[in-house]
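Understanding the architecture of this molecule
Residues per chain, in single letters:
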Amino acid sequence: MTAQKLSPNVNIVGGGMITFDLLLPSLYHLQRTGVIGKIDVCALNAVPLKALAENPDFHEAFPGQRFTPHPGLTAPADAQNPDLYKEVIAGMAPGNMVVVATPDNLHYAVVKYALEHDQNVLCVKPLVLKYEQAVELEKLAVEKGRFVGVEYHKRFDRRSLVARRGYRLGQFGAFMMGEAKLIEPYYYRHSNFQNWFTCDRTDPFTYIGCHYVDLVYFITGLKPVEVSVQGVKGRFPNGNEAFLWSHARVTWENGALLSVVNGLGYPDAAAGSNDQGMILYCEGKDQTGLMFHDDHNRGVAYSYLENTGPGGSKYNYVSPDFYRLVPWEGTGYKPIGYGYESVEGITRTIHRLENAAAGLSGEAALVRRRELIRDVDSQGLIATPANSFINELVVEAARASILANASRVRIVYGDHPHIEKSSGSWGVVSG
Ligand SMILES: NC(=O)c1ccc[n+]([C@@H]2O[C@H](COP(=O)([O-])OP(=O)(O)OC[C@H]3O[C@@H](n4cnc5c(N)ncnc54)[C@H](O)[C@@H]3O)[C@@H](O)[C@H]2O)c1
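Residues numbered from 1 in each chain as written. Predicted model: local features only at pLDDT ≥ 70, side-chain atom pairs only at ≥ 80, totals over all residues. Heavy atoms only, no water.

Details of the site of the ligand
The cut-off we apply is this: Here, proximity means that at least one heavy atom of the residue falls within 4 Å of the molecule or strand. Polar contacts, as counted here, are pairs of nitrogen or oxygen atoms within 3.5 Å of one another; within protein the pair requires one atom able to donate a hydrogen and one able to accept it, and residues that are adjacent in sequence qualify only if both atoms are side-chain atoms. Reported accessibility uses the Shrake-Rupley method at a 1.4 Å probe radius. Residues are deemed covered only where the shown protein chains occlude them. Note on residue categories: nonpolar means Ala, Val, Leu, Ile, Met, Phe, Trp, Tyr, Cys or Pro, charged means Asp, Glu, Lys or Arg, and polar means any other residue, Gly included.
Around the ligand there are 22 residues in total, and Gly15, Met17, Ile18, Asp104 and His107 lie nearest to it. Within the backbone of Gly15, one N or O atom sits 2.9 Å away from an oxygen atom of the ligand. Note that a nitrogen atom of the ligand is positioned 3.0 Å from one of the backbone N or O atoms of Pro82. In the complex, 84% of the free accessible area of the ligand, which totals 850 Å², lies under the protein chains. Counted by class, the shell around the ligand contains 13 nonpolar, seven polar and two charged residues.

Considerations on a nonpolar patch on the surface
Filter applied, for reference: Patch membership requires more than 30% relative accessible area and the absence of a salt bridge. Residues of like charge join within 9 Å; the nonpolar side chains Val, Leu, Ile, Met, Phe, Trp and Tyr join within 5 Å. Salt bridges are counted wherever a side-chain nitrogen of Lys or Arg sits within 4 Å of a carboxyl oxygen of Asp or Glu. Helix numbers and strand numbers start at the N terminus; a helix is a DSSP run of H or I with at least 4 residues, a strand a run of E with at least 2. When a residue's accessible area, from a 1.4 Å probe over protein chains only, is under 20% of the maximum for its type it is buried; when over 50% it is exposed; and in between it is partly exposed.
A grouping of Met177, Tyr281, Leu290 and Phe292 is seen on the molecular surface, where their side chains present a nonpolar patch of about 430 Å² in accessible area. Along the chain, Leu290 falls in strand E12 (residues 288-294). Assessed through its relative accessible area of 42%, Leu290 is described here as partly exposed.

Focus: the packing of helix H7 (residues 158-168) against helix H9 (residues 204-220)
What counts, and what does not: Note on geometry: axes are lines fitted to C-alpha atoms, helical ones only across the stretch in contact, with angles between N-to-C directions running from 0 to 180 degrees. For classification, angles of less than 35 degrees are called roughly parallel, those exceeding 145 degrees roughly antiparallel, those between 65 and 115 degrees roughly perpendicular, and all remaining angles oblique. Here, residues are in contact when the closest pair of their heavy atoms is within 4.5 Å.
At a minimum axis distance of 7 Å, the contact between H7 and H9 shows a crossing angle of 45 degrees. Considered as vectors, H7 and H9 are oriented oblique to each other. Taking contact as the criterion, the partners of Ser160, Leu161, Ala163, Arg164, Tyr167 and Arg168 in H7 are, on H9, Leu215, Tyr217, Phe218, Ile219 and Thr220. The residue makeup of the contact of H7 with H9, split by class, is seven nonpolar, two polar and two charged.

A few points about the pairing of strand E8 (residues 224-235)
Looking down a regular strand, the side chains alternate between one sheet face and the other. Going by this rule: Strand pairing follows a simple DSSP-based rule, namely that at least 2 bridges must link the two strands.
One ladder, built from eleven bridges, connects E8 with strand E9 (residues 241-252); its direction is antiparallel. Bridged to Val227 within E9 is Val250. In this antiparallel pair of consecutive strands, E8 and E9, the connection spans five residues, and Gly239 shows a positive phi of 95 degrees. Two strands pair when backbone bridges link them, and E8 and strand E17 (residues 408-412) are joined in this way by two bridges, in the antiparallel orientation. Opposite Val227, over in E17, you have Val409 as the bridge partner.

Structure follows, in structure tokens:
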């Protein structure tokens, strides 16, 4: 007789853009394919929950599937429920799954609360904003034997996986000089970004530059050792001052340099919906190698009859690689692309972990789950607190740098990794 498979229930905390665009549809598909059980979604108020519940695309793609909203859809729109997620998590049986999709500064509190209540976690990037917090969460996760996966979906892009394998097979040589860019659309300046994307809280490098720093680390295995970020300030339509552009220089442990250009300014009229990509030059024996990824124009352009493209555009480059709903052999439509595959990878890991320990006694189950967590940490495909903490160090260094007019900030590893400000001028940094 085969044992009944456990399908963890999922509680998503945060009902905003990323839940709408990626998380909920991905989880709906995993629900109907038996990987997960029931889905709950918590938000500050009922407004985004109503939008999720009534979205006709979801009804068409996932007929008959529903989530349980917290607060309920009839709750007054202006009533805020910042602690409701705690009640919902506290009511979950141990060993289920919490998806953290709140604004960056709330990740730490929600992930910690979920772990304290014996839940596994999928957290959108960035895990937390301070290295010390990542260390604390890693320890707590090991203590409880519960898994924390950080959803850096660019890692699941096929081109990143191909590059990682090729680099590690020595096909390119050693990374030495590179450029990466990710420029988000101008129309973001008219969105809710106006209220939180201010100089004191974040900047374009911290928000999106981190993706390419993580990718260079993912592909090459090299650690960043110094960061300098120059910001360009401007004002949102509501008058709030922000870094609207940023230019970073990241130095790697072998002396390699990466320029990272970011901003909120890709023209709304241009085909996109944003601009992104990277080129990495590598040193080989008496020759150089390179990796070039055009992540912006992936070779598909559509001109629609109506303005149904991103930002209301008619003509646009389309990425079938990130996330799309497409016909499949079942009912409705299924999500495809590296966004979906990233959510699936983390969710299936949690499913595997809980099933591997099912039927074992308390201590044996804990030991088994810890073994599996260590395997995922060392495999390095899914970002975890243990294998992706360089991202927290880079963000900490970047914030210190941009607020000090592009000062160079070093990242020191060893027993107690930390950042150190250096007041020296630009110069050659030995590897
Ligand atoms: N490429 C990527 O990996 C990617 C892309 C977009 C966003 N993100 C990340 O996703 C996170 C959310 O971004 P977003 O664009 O969806 O933001 P958003 O502002 O659209 O949504 C935030 C949601 O959090 C909810 N929320 C806030 N406080 C809460 C609380 N105390 N309890 C319950 N819910 C609460 C709000 O109600 C809202 O639904 C951010 O950390 C962001 O960096 C990652």
